[in-house]
Amino acid sequence: MKKFIAILVTVCAAFLCASFAACSQDNGKMTSYDIFCIYDDETATLSGTMNVEYYNNTENEISDLKFNLYGNAFRENSAFPPVSATYSAKAYYAGESYGSMTVENVENCAGWSIGGEDKNILVVNLLTPIYPEDTVVLTVNYTLVLAKVNHRTGVTQNTVNLGNFYPVLCAYSSEGFVECNYYYCGDPFLSECANYSVTIDMPEKYVAAASGKLTDESCVNGRKKCSYTLKNARDFAFVLSDKFEVISENANGVEVFYYYISDGNAQNSLAVAVESLNYFSETFGGYVYPTLSVVQTGFCYGGMEYPALTMISDGMDKDNTLYTIVHENAHQWWYAMVGSDQMNDAWQDEGLAEYSTVMFFESHPTYGFTRKGMINSATSYYRAYFTVFSQLKDSADTRMHRHLKEFTSELEYNNVTYNKGMILFEMLRTSLGDDRFCDGLKKYFEANCGKIASADELIGCFIKSGVDVEGLFNAFLEGKILI
């Protein structure tokens, strides 16, 4: 996610405490979701039926499954509100508004309950334990009520954002299923890859931007049904609107769509989406999805990434729009295809997405962004943060390896994950040289596409280039380096 909008335009000691199961398997088997949902625009309610076939890719016997209910974070008096006080006015454009995610029933199980720290976890007790490489099929009926909010999940002034619109299976680590609280700092999501088949029934007036490839569409009595498929993806999202304009371009076999409400530079926005997709494919490794949808929508931050779909705020100027499109497209590599632990090491995808954005604009100077300008901007913001926090608290906490709940503000989060992350990768590139740096990123992508990679695995890919960079990473992640 691009967490802050303002940008300056100028021409391993302790890492993951748990290891994760691979998303893709050598035998090609993985969990699959088959979702049918109906959107009622009069009540801003989505009714869904989800058939999930869970494939046990762990080495353990599994007796219970756990699903994240991210939509419940938007209910009144939630323990972990999804929006901070800083962004509240921008997010809740019509005043206070609330939503919820309610599980109506779960079929083919011994029992189920709602747990977690904030009524955010669906716990399903299986009829019989399933062993490694076994499967079980569950049916979950649920209702999602949308708040009026410019956020991942909600009704905005011009669109309906349906990120995290279904119960999402918790990722499995060496410590069991990982429950994700909805912290407003960062992206509190941790998902393994799965195959998706999704159908949405909605009023005919809407155009749907979706993560998947459209396979079927029909219209009857003022309603429209659209069906999509997406393979080996971390999650699935929609954005609906009756105001979308749509343009598209084929990029080496990938159909790139740009859905927008109002953009006087729409062709430029599509062009930077296509060019960044091509550049990242050539530089890091091939894009694996058949489509990419870049979607202008109501959003209180700059943008948000989902597999094969990126949300771009409709409240930005031209330069910020172009920058955010590139940043969110970089997340197709560093989040969607190569996952990481966003809860404990947010720098691993955000810092790398920011530096990938630097690399793109460096290679495309006509856009007016320079490598020197972007690095200097990040450094200036970071030093300003460090000075202010040091004065307020006697010392600033500059550790990069820490849980989202340890960040005290979005200002701290932005500077430690985005800006310091960008500076880390700039120093790493300067130390290794361009060829070794790019080779390390290619190795990282190739070894971890479809998986959740640890920080150690990222660092190891650079060490394989023949240079010991562990000390550099440790100094950054432990907060020992002065910038």
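Residues numbered from 1 in each chain as written. Predicted model: local features only at pLDDT ≥ 70, side-chain atom pairs only at ≥ 80, totals over all residues. Heavy atoms only, no water.

### Description of the sheet that holds strand 9 (residues 160–162)
Pairing between the strands of a sheet is mediated by backbone hydrogen bonds and can be parallel or antiparallel. Across the sheet, four strands lie side by side as 8-9-17-14; this open sheet has antiparallel pairing. Edge positions in the open sheet fall to strand 8 (153–155) and strand 14 (207–210), since each of these has one partner strand only. Adjacent strand axes in the sheet meet at a mean angle of 15 degrees when their direction is disregarded. Inspection of the sheet shows strand 9 paired to strand 17 (residues 238–241) by three bridges, in the antiparallel sense. Note that in strand 17 the partner of Asn161 across the bridge is Val239. (Pairing = 2+ DSSP bridges. Helix = DSSP H or I, 4+ residues; strand = E, 2+ residues; numbered from the N terminus. Axes fitted to C-alpha atoms, helices over the stretch in contact; angles between N-to-C directions.)

### Some points on the sheet that holds strand 3 (residues 62–68)
The antiparallel open sheet is built from four strands, whose spatial order is 5-6-3-10. A single partner strand is all that each edge strand has here, and the edge strands are strand 5 (111–115) and strand 10 (168–169). Pairing analysis gives six bridges linking strand 3 to strand 6 (residues 121–130), with the strands arranged antiparallel. Opposite Phe67, over in strand 6, you have Leu122 as the bridge partner.

### Describing unusual backbone geometry
Working note: non-glycine residues mostly have negative phi, and peptide bonds are mostly trans. In this structure, Asn77 takes a positive phi of about 65 degrees despite not being glycine. For Asn77, the position within the fold is in the loop between strand 3 and helix 1 (88–91). Unlike most non-glycine residues, Asn252 shows phi in positive territory, near 50 degrees. Following the sequence through the fold, Asn252 ends up in the loop between strand 18 (245–251) and strand 19 (254–260).

### Concerning a negative patch on the surface
Side chains of Asp456, Glu457, Asp468 and Glu470 sit close together on the surface and give a patch of like negative charge. Looking at the element boundaries, Asp468 is found in the loop between helix 8 (455–463) and helix 9 (470–477). Judged by its relative accessible area of 63%, Asp468 is exposed. (Patch = residues over 30% accessible without salt bridge, like charges linked within 9 Å, V, L, I, M, F, W, Y side chains within 5 Å. Areas by Shrake-Rupley, 256 points an atom, 1.4 Å probe, with all protein chains shown as cover. Salt bridge = Lys/Arg side-chain N within 4 Å of Asp/Glu carboxyl O. Lys, Arg positive; Asp, Glu negative; His and termini not counted. Charge placed at Lys NZ, Arg CZ, Asp CG, Glu CD. Buried < 20%, exposed > 50% of the residue type's maximum accessible area, 1.4 Å probe, protein only.)

### Looking at the pattern of salt bridges
Using the criterion set out here, one finds 16 salt bridges in the structure. Among the salt bridges present, the one from Asp397 reaches Arg402, with a minimum N-O distance of 3.3 Å. Glu406 is paired through a salt bridge with Arg399; the nearest N and O atoms lie 3.0 Å apart. Taking relative accessible area as the criterion, Glu406 reaches 36% and is therefore assigned partly exposed. One network of salt bridges, in which partners are shared, links Glu362, Arg371, Glu426, Arg429 and Asp434.

### Here's the deal with the pairing of strand 7 (residues 135–145)
With eight of eleven residues buried, strand 7 lies mostly within the body of the structure. Inspection of the sheet shows strand 2 (residues 45–55) paired to strand 7 by eleven bridges, in the antiparallel sense. In the sheet register, Val52 faces strand 7, and the bridge partner there is Leu138. As paired elements, strand 4 (residues 100–107) and strand 7 share seven bridges and run antiparallel to each other. Pairing of Glu107 across the sheet is with Thr139, part of strand 7.

### Some remarks on the side chain of Thr398
Its place among the elements puts Thr398 in the loop between helix 5 (371–393) and helix 6 (410–432). Taking the relative accessible area as the measure of exposure, Thr398 reaches 4% and is therefore buried. The residues contacting Thr398, other than those within four sequence positions of it, are Tyr382, Tyr385, Phe386, Val416, Lys420, Phe476 and Gly479. (Contact = heavy atoms within 4.5 Å.)

### A short note on the nonpolar core
By size, the foremost hydrophobic cluster in this structure holds 166 residues, and its most contacted members are Phe165 and Phe238. If one sorts the elements of this core by residue count, helix 6 sits on top with nine residues. (Core = buried A, V, L, I, M, F, W, Y, C linked by side-chain atoms within 4.5 Å.)

### Considerations on the packing of helix 4 (residues 347–363) against helix 6
Running from N to C, helix 4 and helix 6 cross one another at 55 degrees; their axes reach a closest spacing of 8 Å. Taken together, helix 4 and helix 6 sit at an angle that is classed as oblique. Here the hand of the crossing between helix 4 and helix 6 comes out right-handed. Within the contact between the two elements, helix 4 uses Trp347, Glu350, Gly351, Leu352, Glu354, Tyr355, Val358, Met359 and Glu362 and helix 6 uses Tyr413, Thr417, Tyr418, Gly421, Met422, Leu424, Phe425, Glu426 and Arg429. Broken down by class, the residue content of the contact of helix 4 with helix 6 amounts to ten nonpolar, three polar and five charged. (Parallel < 35°, antiparallel > 145°, perpendicular 65-115°, else oblique. Left-handed = near helix turned anticlockwise from the far one by under 90°. Nonpolar A, V, L, I, M, F, W, Y, C, P; charged D, E, K, R; others polar.)

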